[in-house]
Amino acid sequence: MQSVKSLDRISDQEVYNTIRPLIAPSVKSLDDAGASLGITEPKILDYKIDILDTDLVDDQLQLTVDGYLAPKGKVKLGQESKYFFECEDKPHCWCANQPHQMIILDWEVNELYRHVISKTQDYSEIRAKMRERMFKFMKVRNTFFMLGTHHRWKNWMVIAILYLSGKLSEPLF
């Protein structure tokens, strides 16, 4: 019988050594390979957030199984964040003409947003706090994007962000 085993924490260098063979030089190279999932090492140029709503919970009513109206109670994701970035192999990618602009679907972005709006409803303060973490913080880290394509439209999206804080023996982008 197999069971879950607690392992020791690994260094940033070990994480990097594990993902290094998987890192694509550009979004176009992933696309050309017919991939729908891949890792890139972006040069982050900018971050933008559109605040759609600051309510934490959806207060609309829905019909329950037993015929009563009750609040949906679903957690809302009232923001849309985007990264603007270039690829390592910029000359051979679409970002040679203009930077990539991709929506961020990473769980941590939504959790950060929920945390921030639980403390403030001021849009300028929300934007500043989100930008501090998602732009300024990420620019001083060794950051990698896990990219995926939408099943219907095949456009690329940032589905996860991996950021390493330690110094790596190999220089990055």
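Here is a short report on the structure shown in this document.

## Some words on the sheet that holds strand S1 (residues 23–24)
Line of reasoning, step 1. The sheet built from four strands is open, its strands ordered S1-S2-S8-S9 with mixed pairing. At either margin of the open sheet sits one strand with a lone partner, and together these are S1 and strand S9 (156–164).
Line of reasoning, step 2. Here strand S2 (residues 37–40) pairs with strand S8 (residues 142–149) via four bridges, running antiparallel. Bridging from a neighbouring strand, Thr40 pairs with Phe145 of S8.
Line of reasoning, step 3. In the packing of helix H1 (residues 12–19) onto the sheet, contacts are made with S1, S2, S8 and S9, and the angle to S9 comes to roughly 145 degrees.

## Some remarks on the nonpolar core
The tendency in soluble globular proteins is for nonpolar side chains to be buried as a group.
Line of reasoning, step 1. Ranked by internal contacts, the top residues of the largest apolar core, which has 30 residues, are Tyr83, Met130 and Ile161.
Line of reasoning, step 2. Those elements that provide at least two residues to this core are helix H2 (27–32), strand S3 (43–51), strand S6 (79–86), helix H3 (107–119), helix H4 (123–139), S8 and S9.
Line of reasoning, step 3. In terms of residues, this core owes the most to one element, H4, which gives six residues.
Line of reasoning, step 4. Grouped together as the second largest cluster of nonpolar side chains are seven residues, Val15, Tyr16, Ile19 and Ile39 included.

Thresholds, definitions, all that
- Residues numbered from 1 in each chain as written.
- Predicted model: local features only at pLDDT ≥ 70, side-chain atom pairs only at ≥ 80, totals over all residues.
- Heavy atoms only, no water.
- Pairing = 2+ DSSP bridges.
- Helix = DSSP H or I, 4+ residues; strand = E, 2+ residues; numbered from the N terminus.
- Contact = heavy atoms within 4.5 Å.
- Axes fitted to C-alpha atoms, helices over the stretch in contact; angles between N-to-C directions.
- Core = buried A, V, L, I, M, F, W, Y, C linked by side-chain atoms within 4.5 Å.
- Buried < 20%, exposed > 50% of the residue type's maximum accessible area, 1.4 Å probe, protein only.

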